[in-house]
Amino acid sequence: MHWSMNTLPLTPYMELGVQSLSGLLWTLLLLFLWHCYRMGSDLPIPGHAHAGKLKSSSRRSMMSRSGSCIGTKCSARSKLSRSDQISPFISMETVEDDEQGQGYLTPVLSHALFPAQASAEAKKLYTALQQYAKRYSWVGMGRIHKGLREQVRLNDHSAIQKPHLFFLPDVPSVPFFPRDAHRHDIEVLEANYPAILAEFQAVYQKGIDSKLGWTCGQAVFPLYSAGVSVAGNCRACPCTYRTLLSLRTFINSNSLGSAGFWLLGPGATLGSTYGPTNTRLRCHLLQTPPLCELVVGGEPQCWSEGHCLLVDDSFLHTVSHKVILSVDLWHPNVAAAERQALDFMFSPEL
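Here's a quick rundown of the structure. Just so it is clear, the model here is predicted, and its values are computed rather than measured.

Turning next to the overall build of the chain. Secondary structure summary: the chain contains twelve helices and nine strands in total. Carbon together with sulfur atoms contributes 59% to the accessible area of the chain, which is approximately 19,500 Å² in total.

The subject of this paragraph is the state of the cysteines. Linking two cysteines covalently through their sulfur atoms gives a disulfide. One pass over the full model with this rule turns up zero disulfides. Not engaged in a disulfide, the cysteine C308 finds its nearest cysteine sulfur in C283; these two sulfurs lie 3.6 Å apart. Residue C308 is classed as buried on the basis of its relative accessible area of 11%.

A few words now on the side chain of S326. Locating S326 in the fold gives a position in strand β9 (residues 317-330). S326 gets classed as buried once you look at its relative accessible area, which sits at 2%. Setting aside anything within four residues of it in sequence, one finds S326 in contact with S258, A259, G260, W262, R282, C283 and H284.

Counting 32 residues, the largest nonpolar core has F200, L244, L247, F250, F261, L286 and V327 as the members making the most contacts within it. Every element with two or more residues in this core is listed here: α8 (183-191), α9 (193-205), β2 (220-225), β4 (259-273), β5 (280-285) and β9. The element contributing the most residues to this core is α9, with five residues. Here L244 is in contact with L223, Y224, F250, A259 and V327, once residues within four sequence places are set aside. L256, A341, L342 and F344 belong to the second largest nonpolar core, which has 20 residues in total.

What the rule picks out here adds up to nine aromatic pairs. Between Y224 and F250 the ring centres are 5.1 Å apart and the planes differ by 85°, which places this aromatic pair in the edge-to-face class. Highlighted residues: Y224 in strand β2 and F250 in the loop between α11 (238-245) and β4, separated in sequence by 26 residues. Counting every residue linked through ring pairs, the aromatic cluster contains F200, Y204, W214, F221 and F261.

As a further point, take the pairing of strand β6 (residues 293-296). Of the two faces of β6, only the one carrying L294 and V296 is buried; E293 and V295 on the other face are not. Pairing analysis gives three bridges linking β6 to strand β7 (residues 299-301), with the strands arranged antiparallel. Looking across to β7, one finds that V295 is bridged to P300. The antiparallel hairpin formed by β6 and β7 contains two residues in its connecting segment, where G297 sits at a positive phi of about 60°.

Turning to its location among the elements, Y193 is positioned in helix α9. Taking relative accessible area as the criterion, Y193 reaches 11% and is therefore assigned buried. Put simply, Y193 and L285 are 92 residues apart on the chain and 8.0 Å apart in space, counted from C-alpha to C-alpha.

Moving on to the packing of helix α6 (residues 120-135) against helix α12 (residues 336-345). Between α6 and α12, the least distance of the axes is 9 Å, while the angle of their chain directions is 120°. With respect to α12, the axis of α6 lies oblique. By crossing handedness, the relation of α6 to α12 is classed as right-handed. Taken together, the residues of α12 that come into contact with α6 (itself represented by L125, A128, L129, Q131, Y132 and R135) are A337, Q340, A341, F344 and M345. Partitioned by chemical class, the residues of the contact of α6 with α12 number eight nonpolar, two polar and one charged.

The rules behind these values
Residues numbered from 1 in each chain as written. Predicted model: local features only at pLDDT ≥ 70, side-chain atom pairs only at ≥ 80, totals over all residues. Heavy atoms only, no water. Helix = DSSP H or I, 4+ residues; strand = E, 2+ residues; numbered from the N terminus. Areas by Shrake-Rupley, 256 points an atom, 1.4 Å probe, with all protein chains shown as cover. Disulfide = S-S within 2.5 Å. Buried < 20%, exposed > 50% of the residue type's maximum accessible area, 1.4 Å probe, protein only. Contact = heavy atoms within 4.5 Å. Core = buried A, V, L, I, M, F, W, Y, C linked by side-chain atoms within 4.5 Å. Phe/Tyr/Trp six-rings, centres within 6.5 Å; stacked < 30°, edge-to-face > 60°. Pairing = 2+ DSSP bridges. Axes fitted to C-alpha atoms, helices over the stretch in contact; angles between N-to-C directions. Parallel < 35°, antiparallel > 145°, perpendicular 65-115°, else oblique. Left-handed = near helix turned anticlockwise from the far one by under 90°. Nonpolar A, V, L, I, M, F, W, Y, C, P; charged D, E, K, R; others polar.

Below, the structure is given as structure tokens:
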């Protein structure tokens, strides 16, 4: 038997309730469609905005600089496209954002060209960074990217800290670092000091000769040179070699890192110089004859025999009469992702 709604004894109130419910559902559906339309129309334009990086105030200031047609989006975009073709150095963030260290990757997102006045070495490093980002990711590469772009300006002015190869911005820097910066590695080196000193004395008594593994000039007995182990010298100092491998922050995978015995005779002085980068600290350990002195950033310091000294050699420094084991360690403020990228960029194979 077929039943119909017309056969049910509905009161006028119930009929009115069904009609109201149907109208409410239609109203909600229309509101949902309008919301989807608004969300879709407000999506950022690729290449001109990036979530979390470009603020509304930055966008307003950028459009005000683009010309007198600030009232419409089309005119602002046309001005930006023309400026991309003219200027070789484009930055999407405002001056205030740049001073605060924000917007590290905005030149990448805006496809800005690398500074034309950059050195060949800087361009090579930037190409290596791009290769690394394609293989892995741009995540965590903001400071490195900013440092490569600003290296040109850094080399053009005199300063007490001026690494000549690569400067990582926003890294806390002082000429001398406390032991707590690398407590584990310092304790390992100092615990093995007697064995390290014995091995140094053994190779030193054989004579300073290039045939015996020494580098003439500054009298260096390298164990690691530019991130590559010197096999013959490591075999001559097995305990020192094993100690280096047990360090957590030893730079042994790129050309920024070295380790070895350094000698500077009595009365000799290594003139004022800058290290290649501020991403590392030099750890000094070993016997110190009288009148040994190290001046970093205008601050004099003396070694204490058997104890480590952490130095940021990107500061202007001079050395007088030394006999030390020098080991390059990562700066404690360099993140793991940045270390991996720098290993790739400064790989001895590139």
